[in-house]
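Residue strings, one per chain:
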Amino acid sequence: MSKNNKANRNKVDNSRKRIKIFEAFAGIGSQYKALKNISEEMNWELESAGIIEWFIPAIIGYQAIHHWPKKIDKEFFKYKYTISFDSKKPVSDNWYKRNQQASEIGFWLNQSKEISKNHFDIRYVKGKDLDKDIDIFTYSFPCQDISNQGSQKGFEKGSQTRSGLLWEIGRILKELGKNNLPKYLLLENVKAMFDSNHIDTYEEWEKELEKLGYVSKRYMLNSKDFGSCQNRERAFVISVLKSHKKESGFIFPEFSKTNNKKPIKDILIDYQEFNDKYNQYELIKRKVNSNNIHKYELKDYTSFNSENFVYDINYSGPTLTASGALSRIKLFYGDKKIREMLPEECFRYMGFDKEDYVKVDNTNLVPDIKKIFLCGNSISVEVLEEIFRNFKF
């Protein structure tokens, strides 16, 4: 928990301060969710200034969670959208022709543009398209090319990689002009962003921000230190305009590690259907690590180590990922009772509510595997809440 601002946290001003947030690479809006969770506590009136997101399941998920409609209709695509179904490349012209007729996908895309003010493809967003009085600008750019499990192509300026889309943020900020820059920037990505392979590129990015008038501080934060049962370590960077830092008295927070012992079982629903296929494999107890994770191994289940691991629900859990073995977290209840974490539980694992999951599920457009993908690509809401509590206006 943060050491700063704790004494004043419960003091409420008579007037509510309007806070405007813009989310680039928005996903399902963990940043907006976190701010909404603490807005009353902080005496803030929250307003979304827009988002940038082109991944169709994320667009639907964001809209369902944050702007559930009174009525869902089938609609024609009202605009020409640059969108993706795999988060890697745009949909084909054939897909577009097939689906732009009256459909529920059309409804959600139209709602996203008109209500969430979605700009869809960051490559075509101009500074003039954005509001001029944004308070918080978040940008959790794609991690695929810097993650240790990814392609390792990097995110150098001009690289044309997906992670290289970071530099579009720099372009947009420059186009906004120094008199219209957001007060705070918040960057989140995998911890490999600070590794030796990528640190030079990151530092080049930080210098770009300095030229614009920002001062930044790097953090490596773990969700388990903020009330989550998930061991999820991620890189964060808080940047603040020097002028606003001086005017507001903002001080970069220091975050302390906790002795959190929250177990996985705290976010689980009452679901007792276990998979008997695991019973034929010997279960071997593995070493307990410093993050309070107790895991077992299914001997000879697969040749891929991570796929063999089973996690005791009475202790903390591993990082949920969008794909791969840790998008299928195996839960151990004892006595060889094993099942995989359910999509609803994945939402809870990331700090979202049951109601958030239900809304996404009720669209009937996001299959379970995509729901888990969205959660694995998201940010721990608990961590974001504590970061935002330290912002001053």
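Residues numbered from 1 in each chain as written. Predicted model: local features only at pLDDT ≥ 70, side-chain atom pairs only at ≥ 80, totals over all residues. Heavy atoms only, no water.

**Student:** For empty space enclosed by the protein, give the residues involved together with the corresponding values.
**Tutor:** One pass over the full model with this rule turns up 1 cavity of 30 Å³ or more. As a volume, the largest cavity reaches approximately 30 Å³. In terms of lining residues, the largest cavity is bounded by E188, S223, R232, R234, F236, I379, S380 and V383. Across the lining of the largest cavity, the residue classes break down as 3 nonpolar, 2 polar and 3 charged. (1 Å grid on protein atoms, 1.4 Å probe; cavity = no way out; pocket = protein on both sides within 12 Å on 5 of 7 lines; lining within 4 Å. Points joined across faces, edges and corners; volume = space filled by probe spheres on them. Nonpolar A, V, L, I, M, F, W, Y, C, P; charged D, E, K, R; others polar.)

**Student:** Any chance you could break down helix α6 (residues 199-212) for me, citing the residues and the numbers?
**Tutor:** Taking 1.5 Å per residue, 14 residues should reach 20 Å; α6 reaches 20 Å between its end C-alpha atoms and fits that length. Residues of α6 that are buried: I199, T201, Y202, W205, E206, E208, L209 and L212. Packed against the buried residues of α6 are β3 (136-139), α5 (166-176), β4 (184-190), β5 (214-222) and β6 (233-241). Directly beyond the C-terminal end of α6, a positive phi value near 105° is found at G213. (Helix = DSSP H or I, 4+ residues; strand = E, 2+ residues; numbered from the N terminus. Expected span 1.5 Å × (residues − 1). Buried < 20%, exposed > 50% of the residue type's maximum accessible area, 1.4 Å probe, protein only. Contact = heavy atoms within 4.5 Å.)

**Student:** Lay out unusual backbone geometry in plain terms, naming residues and giving numbers.
**Tutor:** At F25, a position not held by glycine, the phi torsion is positive, near 50°. Its location among the elements puts F25 in the loop between β1 (17-24) and α1 (30-42). Positive phi outside glycine occurs at F120, with the angle close to 65°. Here F120 is to be found in the loop between α4 (104-114) and β3.

**Student:** With reference to specific residues and values, describe the packing of α5 against α6.
**Tutor:** The description of two packed helices rests on the angle between their axes and on the distance between the axes. For the pair α5 and α6, the least separation of the axes is 11 Å and the interaxial angle reads 10°. Considered as vectors, α5 and α6 are oriented roughly parallel to each other. Where α5 abuts α6, its residues L166, W167, I169, G170, L173 and K174 lie against T201, E204, W205, E208, L209 and L212. Taken together, the residues of the contact of α5 with α6 sort by class into 7 nonpolar, 2 polar and 3 charged. (Axes fitted to C-alpha atoms, helices over the stretch in contact; angles between N-to-C directions. Parallel < 35°, antiparallel > 145°, perpendicular 65-115°, else oblique.)

**Student:** Which residues make up the nonpolar core, and what are the values?
**Tutor:** Ranked by internal contacts, the top residues of the largest apolar core, which has 76 residues, are I83, F236, I387 and F388. Of all the elements, helix α2 (residues 56-66) adds the most residues to this core, at 7 residues. Here F236 is in contact with L186, L187, E188, F194, K217, R218, Y219, L221, I379, V383, L384 and I387, once residues within four sequence places are set aside. F22, I52, L166 and I169 belong to the second-largest nonpolar core, a separate cluster that totals 32 residues. (Core = buried A, V, L, I, M, F, W, Y, C linked by side-chain atoms within 4.5 Å.)

Interpretation note: all reported values are geometric properties and have no functional meaning in isolation.
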